[in-house]
Amino acid sequence: MSLEVKISKTFGSYTLDVDFSAGDEVFGLLGASGCGKSLTMRSIAGIETPDKGRIVVNDRVFFDSEKGINLKPQERKTALLFQNYMLFPNLTVEQNVAAGIPKDTPKAERDAIVQGELKRFDVEAFAKRYPAQLSGGQQQRVALARMLAARPGILMLDEPFSALDSHLKSILEQNLSGLFEMFDGTILYVSHDIDEAVRFCDRIAVMESGKIMEIDGGRELINEPKSLAGIKLSGCKNAPLAEYVDDHHVYCPQWGVELEVKQLVPKDVKAVGIRAFNIQKADGPGPGVYRMRVDRVSDSRFDRMALMEFLDRRADADSLVAAHEQEMHYLHQRVFWRIDAGEGKAGWDSLPKRGDELFVHIPTEKVRLVTK
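Calculation criteria
Residues numbered from 1 in each chain as written. Predicted model: local features only at pLDDT ≥ 70, side-chain atom pairs only at ≥ 80, totals over all residues. Heavy atoms only, no water. Phe/Tyr/Trp six-rings, centres within 6.5 Å; stacked < 30°, edge-to-face > 60°. Helix = DSSP H or I, 4+ residues; strand = E, 2+ residues; numbered from the N terminus. Buried < 20%, exposed > 50% of the residue type's maximum accessible area, 1.4 Å probe, protein only. Pairing = 2+ DSSP bridges. Axes fitted to C-alpha atoms, helices over the stretch in contact; angles between N-to-C directions. Salt bridge = Lys/Arg side-chain N within 4 Å of Asp/Glu carboxyl O.

## Some thoughts on the packing of aromatic side chains
Applying the stated rule across the entire model yields 6 aromatic pairs. The interplanar angle of 80° and the centroid separation of 5.5 Å between the aromatic rings of Phe-180 and Phe-200 together place this pair among those described as edge-to-face. Here Phe-180, found in helix α5 (residues 166-182), pairs with Phe-200, found in helix α6 (residues 194-200); they are 20 residues apart in sequence, far enough to count as distant. You'll find Phe-180 and Phe-200 in the same group, each marked buried. Ring centres of Tyr-290 and Phe-310 lie 5.6 Å apart, and the angle between their planes is 85°; on these two criteria the pair is classed as edge-to-face.

## Comments concerning the sheet that holds strand β13 (residues 249-252)
The 3 strands are arranged β12-β13-β14 in an open sheet whose pairing can be described as antiparallel. The open sheet has two free edges, formed respectively by β12 (243-246) and β14 (257-260), since each of these has just one partner strand. On average, each strand axis in the sheet is tilted by 35° relative to the strand beside it, whichever way the strands run. By the bridge criterion, 3 bridges tie β12 to β13 in an arrangement that is antiparallel. When the sheet's bridge partners are listed, Asp-246 is paired in β13 with His-249.

## Observations concerning the pattern of salt bridges
For the structure shown, the criterion picks out 16 salt bridges. We note a salt bridge from Lys-226 to Asp-216, for which the minimum N-O separation is 2.5 Å. Remark: Asp-216 occurs in strand β11 (residues 211-216) and Lys-226 occurs in the loop between α7 (218-223) and α8 (228-233); sequence separation between them is 10 residues. On the accessibility criterion, Lys-226 (42% relative accessible area) is partly exposed. Residue Asp-216 is classed as buried on the basis of its relative accessible area of 16%. Close ionic contact of Glu-309 with Arg-334 constitutes a salt bridge, the shortest N to O distance being 3.6 Å. Residue Glu-309 is found in strand β18 (residues 303-310), and its partner Arg-334 is found in the loop between α9 (327-332) and β19 (335-340); the two are separated by 25 residues along the sequence. Residue class for Glu-309 comes out buried when judged on its relative accessible area of 8%. For Arg-334, a relative accessible area of 5% translates into the label buried. Members of the salt-bridge network, linked through shared partners, are Arg-293, Asp-295, Glu-309 and Arg-334.

Take a look at the structure:
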């Protein structure tokens, strides 16, 4: 089983231009809204038509602009699960599950397939109900049953958990894991959630502005991102732009300081990534230590997030803006620091507070560098 995609499509000033392949695996498309994830999936399904390129699924050409091939959606044998599941409201659960089965399938075989999938996803009791009579979780299980009943050549899921609460999401994730184990072939999984992508995907393609910035395994993406988009999507809170200074120093114009880094700095460095929980409090000056002031704090269940400003910014650095002026600019000029609160009230009382000035250590070996 395999998938090959090399397509481009232009909408005004926006251009989708992607090139990737996948085998018997769960292949993720990870990116922010509007980056082209869903458009890529819809192009494979035949809902959208690329301007040029080629799409091949299991050695069957779905689309080839040079050869004039463009199979209709119903000819492609794909299964696409949308965010809202797209169940037919006028059909019962069992009719929905049967909807994707080829019309020439004998009735006895069709009925056996439907009953098998209803049982697999534990929705037999709802067979005669309509979608409007089901909960969101039940609707999702019906949609998954319909996918497998169609015996597709490729499975595609477009952010299937975006509309669910966290409790229901955790339950249905187990259903999905079971589905993936049952399916022998390529599964394309679209998400904007790094944790979700890491849980399900063997490899992940990071997308930004219609392009694939990098493709890697989940752990590699988290520990060694290769692009600014990868740094941000991996959950890294600090991702300022950077300029080459020397082999072990970069200048961050948004922060107005030079950072010392352990790894060799490429001359075309674009940005750095520093995880908020890797930052440490220091007793005084030293390598990788900076004077900072805490401008904001916010607490979660187990830790405090401090938003800090460098006190020794270069004189020619970008002018600082106040929080009430441009919020995003304000945030980009400051450092996020996540501190574990520890146990009991004493732990919370010892944490940095707004207005505190202190020494902070950014470990040189924890600074990631990217060139794109």
